[in-house]
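Summary of the model geometry
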Amino acid sequence: ETHILASERIRKRLARQAHALDPSVKISSSAGKVAGFMVDAFVRETVARAASAAQLDGSNKIGIQHLEKILPQLLLDFS
């Protein structure tokens, strides 16, 4: 159910952004669900990769340097 609530929040955010660009654009419920899935997958993968980078540095805390280290490849993998 948390995923459903997150998907609805993402759909509403998408709807606000779309409306700001073009008031006639609407976001369907299914598009919100897919966007929620995509955001969830992206966040989970980001955390996993950043945690691995932190462990390689001998840390148990993810820092900005770990996110900066993994971000380029992460964006390529999700493009």
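Below is a short write-up of the structure. Keep in mind that what you see is a predicted model, and the values were worked out from it rather than measured.

Digging into the packing of aromatic side chains
Think of a pair of aromatic rings as described by two things: how far the centres are apart, and how the planes are tilted against each other in angle. If you walk through the whole model with that rule in mind, you get one aromatic pair. Ring centres of Phe42 and Phe78 lie 5.1 Å apart, and the angle between their planes is 80°; this geometry places the pair in the edge-to-face category. With Phe42 in helix α2 (residues 29–56) and Phe78 in the segment after α3 (64–77), this pair connects stretches of sequence that are 36 residues apart. Residue classification places Phe42 among the partly exposed positions, given a relative accessible area of 29%.

Considering a nonpolar patch on the surface
A cluster of nonpolar side chains, contributed by Val39, Val43, Val47, Ile62, Ile64 and Leu67, occupies part of the molecular surface with about 480 Å² of accessible area. Looking at the nonpolar patch element by element, the count peaks at three residues for α2. Mapped onto the elements of the fold, Val39 is located in helix α2. Judged by its relative accessible area of 38%, Val39 falls in the partly exposed class.

Observations concerning the packing of α2 against α3
Relative to each other, α2 and α3 sit at 135°, their axes nearing to 9 Å. By the angle between their axes, α2 is oblique relative to α3. Pair α2 / α3 crosses with right-handed handedness. Touching Phe42, Glu45, Thr46, Arg49, Ala50, Ala53 and Ala54 of α2 are His66, Leu67, Lys69, Ile70, Gln73, Leu74, Leu75 and Asp77, all from α3.

What counts, and where the lines are drawn
Residues numbered from 1 in each chain as written. Predicted model: local features only at pLDDT ≥ 70, side-chain atom pairs only at ≥ 80, totals over all residues. Heavy atoms only, no water. Phe/Tyr/Trp six-rings, centres within 6.5 Å; stacked < 30°, edge-to-face > 60°. Helix = DSSP H or I, 4+ residues; strand = E, 2+ residues; numbered from the N terminus. Buried < 20%, exposed > 50% of the residue type's maximum accessible area, 1.4 Å probe, protein only. Patch = residues over 30% accessible without salt bridge, like charges linked within 9 Å, V, L, I, M, F, W, Y side chains within 5 Å. Areas by Shrake-Rupley, 256 points an atom, 1.4 Å probe, with all protein chains shown as cover. Salt bridge = Lys/Arg side-chain N within 4 Å of Asp/Glu carboxyl O. Axes fitted to C-alpha atoms, helices over the stretch in contact; angles between N-to-C directions. Parallel < 35°, antiparallel > 145°, perpendicular 65-115°, else oblique. Left-handed = near helix turned anticlockwise from the far one by under 90°. Contact = heavy atoms within 4.5 Å.

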